[in-house]
Amino acid sequence: MSTLPLAFTGSRLDRADHVRADPERLAGYMNWKARLLALDGLMPALDDEGRLAWGTLADVPEDAELCFLGLDDGKACFAAVPPRGDASPRMANPQLWSLMATLAPDDLALYGGARSLTDWHARHRFCAECGGDTKIAKGGWQRECTNCGANHFPRTDPVTIMLVEFEGKLMLGRGLGWPEGSFSALAGFVEPGESIEEAVAREVLEEAGIAVRDVSYIASQPWPFPSQLMIGCHSHADSDDMTIDETEMAEINFYTREEVEAALKGNGPFRCPPRHAIAHHLMEWWVNQ
């Protein structure tokens, strides 16, 4: 993998489960020393030095729902749940991507975790069991139904994103609606009852009509749009005879190592995913094997 850290990894916070699991101890941290991550809805705010901006708990109403993010050098860090979550996380706006590109890696990791957590709370104010109101619990790492008492926990959806190799070439695809010339690794959600290896094989077979074998794990990346865990894998195919699923993919091609390397440098036959995405790092890993 690249020597650079994967985006959204490397948070400097101590998650401090011993604090969030103890209501009295957590309440003791909710004082004038506590830090509040400044968010405009789910958008990050930056200070004059280009770092994440922070305020105090006095900056939000007394009835605000607060998520305990963890401890930073002994100081408790919180984020407030916004009125609404992100209804279209796949359509992240250009301003957000521009802001994220300027953040230091540890700030980006902290923001990504806070975004995923507060967005989940904003979209889960009602119980999936009975429809009753839910309230924040365990410092924001749980919600409890005020009617039936059911407990709900922040979800993370596993997604396999896979390199498929055949005779020294790499399979890459362009999804429907993607800009012309933009290619990435195939990807898909892990379904109930599947292993990671089975999900890789199923997704490639569904999207490209090709069977793969020898699936191996490479690396993972949290992806807060809204809250996935991207599981990077590598696999081998015994054929390049494709049957493309045209309901999901615009095109799928195989590229040589030289072509992928050139694309990573910005002068190849296709455009690579941005450095924020694990797919970019997977391609670098493959080229440098």
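See above for the structure.
Presented here is a report on the structure given in the accompanying data block. Since the structure is predicted, the reported quantities are computational estimates derived from the model, not experimental observations.

### Describing the nonpolar core
Nonpolar side chains in soluble globular proteins generally cluster together in the buried interior.
Okay, step 1: Core analysis: the largest hydrophobic core is formed by 46 residues, its most contacted members being Leu 69, Val 260 and Phe 270.
Okay, step 2: Among residues more than four places away in sequence, those in contact with Phe 270 are Leu 172, Gly 181, Phe 183, Tyr 255, Glu 259, Val 260, Ala 263 and Met 283.
Okay, step 3: Grouped together as the second largest cluster of nonpolar side chains are 16 residues, Val 164, Met 171, Ile 210 and Cys 233 included.

### Brief notes about the sheet that holds strand β8 (residues 142–145)
Okay, step 1: Pairing is antiparallel across the open sheet formed by three strands, whose spatial order is β7-β8-β9. Two strands lie at the open edges of the sheet, namely β7 (134–137) and β9 (151–152), each paired on one side alone.

### Thoughts on the environment of Phe 166
Okay, step 1: Mapped onto the elements of the fold, Phe 166 is located in strand β10 (residues 157–166).
Okay, step 2: Of the residues examined, Phe 166 reaches a relative accessible area of 12% and is grouped as buried.
Okay, step 3: A sequence separation of 78 residues divides Phe 166 from Ile 244, and the C-alpha atoms of the two residues are 16 Å apart.

### Description of the environment of Ala 237
Okay, step 1: Among the structural elements, Ala 237 can be located in strand β14 (residues 228–237).
Okay, step 2: On the basis of relative accessibility, which here comes to 4%, the residue Ala 237 falls in the buried class.
Okay, step 3: Separated by 33 residues in sequence, Ala 237 and Val 204 place their C-alpha atoms 9.7 Å apart.
Okay, step 4: If near-sequence neighbours (up to four positions away) are discounted, Ala 237 is found in contact with Val 164, Glu 165, Phe 166, Ile 210, Ala 211, Val 212 and Arg 213.

Conventions we followed
- Residues numbered from 1 in each chain as written.
- Predicted model: local features only at pLDDT ≥ 70, side-chain atom pairs only at ≥ 80, totals over all residues.
- Heavy atoms only, no water.
- Core = buried A, V, L, I, M, F, W, Y, C linked by side-chain atoms within 4.5 Å.
- Buried < 20%, exposed > 50% of the residue type's maximum accessible area, 1.4 Å probe, protein only.
- Contact = heavy atoms within 4.5 Å.
- Pairing = 2+ DSSP bridges.
- Helix = DSSP H or I, 4+ residues; strand = E, 2+ residues; numbered from the N terminus.

Everything listed is a geometric property; what it means functionally is a separate question.
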